[in-house]
Structure formats: C-alpha cells, structure tokens
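Structure assessment
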2 protein chains.
Amino acid sequence: MKQGAGLSVWVRLIKAYNMILPQARRSVEPGFTLPRFDVMVQLYRRPEGMTFVELSRNLLVSAGNLTGIVKRLEHDRLVARETNESDRRSARLRLTPEGRRRIAAAVPRHARDIERLFASVPRGEVEQLRRLLGSLTHALDRRTDTGGDTR
Amino acid sequence: MKQGAGLSVWVRLIKAYNMILPQARRSVEPGFTLPRFDVMVQLYRRPEGMTFVELSRNLLVSAGNLTGIVKRLEHDRLVARETNESDRRSARLRLTPEGRRRIAAAVPRHARDIERLFASVPRGEVEQLRRLLGSLTHALDRRTDTGGDTR
C-alpha cells in the first residue's frame, strides 16, 4: 500500500501530537486541565474580556463543555462574568486579579517546558516547521471557508 | 508575550490536528470509529497477526479501551483471536476474511479523502512537512528513550 505524501503528513502529525500532548498536560499547573489552561490563556491575552462565542472560536484544545469549564473557573474565582441585561449572549468573561496572577505565573513555565521538548531539533528545522504548519492551517482554513464543509 | 518557535510549532500542530481530525473521522466507513479503523489498518498490514502488546504499540489514535474495541470487532466477526493455551498474553489477533474485505475497501477511500485535504498545499511544502515531521518524531522518540520520561 503506497502512501501519498498528504496521508503521510497526517499520520506523522498524529504521532507528533500524541507524543507532545502528555508532556503539555503534565506541564500545566496541578489542578488545571489543558482546556482550563487554554481558556485562561485566551482571557489573559484579552484584558477587555471575551464573549462565549469569541472564546470558543479562539480555543486551541476542543473544550467539550465550555459552559461547564467557565462555571468551574467562576466558582474558583478565577474568572468573572459581566452580564449585559439587554443582551445575555454578549456577557463578557474576564480573568479576576487572582486568575491573572495564577495564569501569569503558569504561562512562562508551560512555554519553557514545551521549548525544552524541541531542544534537540535543529533551530532551522523548528523555524521551517513553524512556517509550513502556518501555511497548512491557512490552506485548510480557506478550504473550509469555500468548500461548504462544516467544521 | 513573545512566543518561542517551539511553542509556536506546538500551537500550530494542535490547530492543524483539530482541523483535519473531524474530516478524518467523517471519512471512515459508517459504523467505524477512528480507533476501530486504526486497529483494523494495523492488522491489515500484518497478515501474520499481532498480539495485544504489538497492536497497542503501533496504534496511532490512542485507543482508550483497546480490549473493548477488539471485543466488539470479534463480536462483529471482523477480527479473530487465536489463543495460545500455554501463554495467554501471546494471543494473536488477525482479521477475518470479512474484516480484510471491509478494510481493503475502506483504506483507499480514506487515503483519497485525506489527500484531497492537502490538494491546495504546494507539493513541495507537503513533501517538506513530511520530512520535518518525521525528523521531529524521531527527535521526540530519542528524548523519551533517554530522558527517563514515561510516555
């Protein structure tokens, strides 16, 4: 069974993903799952707050139950919701000061752990991979925009 | 927050993975989940059969419950188990003729669907991605072999 280059990229992409994921999980603060971490990172980047729709559009890790994750973060006083009485869908989510403090400490550690994984890969290759994966996601994006496929 | 190239590769890898996965799922035969498909593809490549240990080592999609998946495939008469009475762990799994027939039809269709996703990416870039992702998984493999990390 001769394998095409595209299928081969997909197979290797799955392999790389599965190899990095457990280490990424391990590197988030204890008690933070990767989806929780992801939600907080997105909010950290947007001090003006985000609606649920904006948030779900920007998440990396598919958050099966975003409402549940946000509820727990609110319960832990890491995220606060500001409700607009006239339009409930436009409720904005923001990190609390405690949420900001926690994620500001967690992000650099996570970044360092991930960088360390790539330490044995030549810098030039990492840079090329970055560029090519960017070009791939762009191509896939255009495809879903015009191809009528739902995502 | 300036992002290192390694972290940036990881973020784009997650994006590409999440964009391709739903299409890969959709492209396996109705009634086949991706882990089921994965198990059958592995067995299809090894007519001499595989033990559970060999199988779990070769799977791409993490099969949360490999025993359950294999049981269902046995129930559907797509996989047969050949038990060695003196050593139960060495039980070999093989596709039944019906299993071979089904997967032989499903594999080319799946491959074609995945190739189609990459159609808008220049051939040279797909080839480079293939090579660089291969080099990345090798580097990550060496890391886990020697770094004392469990996978």
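Residues numbered from 1 in each chain as written. Chains lettered and ligands numbered in written order. Predicted model: local features only at pLDDT ≥ 70, side-chain atom pairs only at ≥ 80, totals over all residues. Heavy atoms only, no water.

1. Re the overall build of chain A
A tally of regular secondary structure across chain A gives six helices and two strands. Put simply, chain A runs from its N terminus to its C terminus through helices and strands in the order α-α-α-α-β-β-α-α. When its C-alpha atoms are laid out on the principal axes, chain A stretches across 60 × 40 × 25 Å. A buried classification covers 45% of the 151 residues belonging to chain A. In the form shown here, chain A has an accessible surface area of approximately 8100 Å², with 50% of it arising from carbon and sulfur atoms. For chain A, the distance from the average position of its 29 positive side-chain charges to the average position of its 17 negative side-chain charges is 5 Å. (Helix = DSSP H or I, 4+ residues; strand = E, 2+ residues; numbered from the N terminus. Buried < 20%, exposed > 50% of the residue type's maximum accessible area, 1.4 Å probe, protein only. Areas by Shrake-Rupley, 256 points an atom, 1.4 Å probe, with all protein chains shown as cover. Lys, Arg positive; Asp, Glu negative; His and termini not counted. Charge placed at Lys NZ, Arg CZ, Asp CG, Glu CD.)

2. Describing the interface of chain A and chain B
Taken together, the contacts link 57 residues of chain A with 58 residues of chain B. Counting the surface lost from both chain A and chain B, the interface buries some 5900 Å², and carbon and sulfur atoms represent 71% of this. Looking only at chain A, the three residues that lose the most surface to chain B are A:W10, A:M19 and A:L60, adding up to 13% of its buried area. There are zero salt bridges connecting chain A and chain B. Between the two partners, chain A and chain B, sit 10 residue pairs in polar contact (both at pLDDT 80 or more). Counting only elements with at least two residues in the side of chain A that touches chain B, the list comes to helix 1 (5–27), helix 5 (97–117) and helix 6 (123–146) of chain A. Broken down by element, the residue count for the side of chain A that touches chain B peaks at 20 residues, all from helix 1 of chain A. The residue makeup of the side of chain A that touches chain B, split by class, is 29 nonpolar, 14 polar and 14 charged. (Contact = heavy atoms within 4.5 Å. Buried area = accessible area lost by both parts, 1.4 Å probe. Salt bridge = Lys/Arg side-chain N within 4 Å of Asp/Glu carboxyl O. Polar contact = N/O pair within 3.5 Å; in protein donor to acceptor, adjacent residues only side chain to side chain. Nonpolar A, V, L, I, M, F, W, Y, C, P; charged D, E, K, R; others polar.)

3. Topic: the environment of A:G68
If you trace the backbone, A:G68 turns up in helix 4 (residues 66–75). Separated by 63 residues in the primary sequence, A:G68 and A:R131 have C-alpha atoms spaced 35 Å apart.

4. Remarks on helix 1 of chain A
Residues and elements named next belong to chain A. With 23 residues, helix 1 should reach 33 Å at 1.5 Å per residue; the first-to-last C-alpha distance of 33 Å fits that figure. Along its length, helix 1 shows its largest kink, about 25 degrees, at L21, and proline P22 lies within four residues downstream of that point. Where burial is concerned, most of helix 1 is hidden: 17 out of the 23 residues are buried. (Expected span 1.5 Å × (residues − 1). Bend = angle between axes of the 7 residues up to and from the residue.)

5. A few points about the confidence of the model for chain A
All names here are of chain A. Averaged over every residue, the pLDDT of chain A is 88; the share at 70 or more is 90%. Counting contacts from residues 147–151, a segment whose pLDDT is below 50, to residues more than four positions away or on other chains yields eight contacts. Overall fold confidence (pTM) sits at 0.84, and the ipTM for the predicted complex is 0.85. (pLDDT = per-residue confidence, 0-100.)

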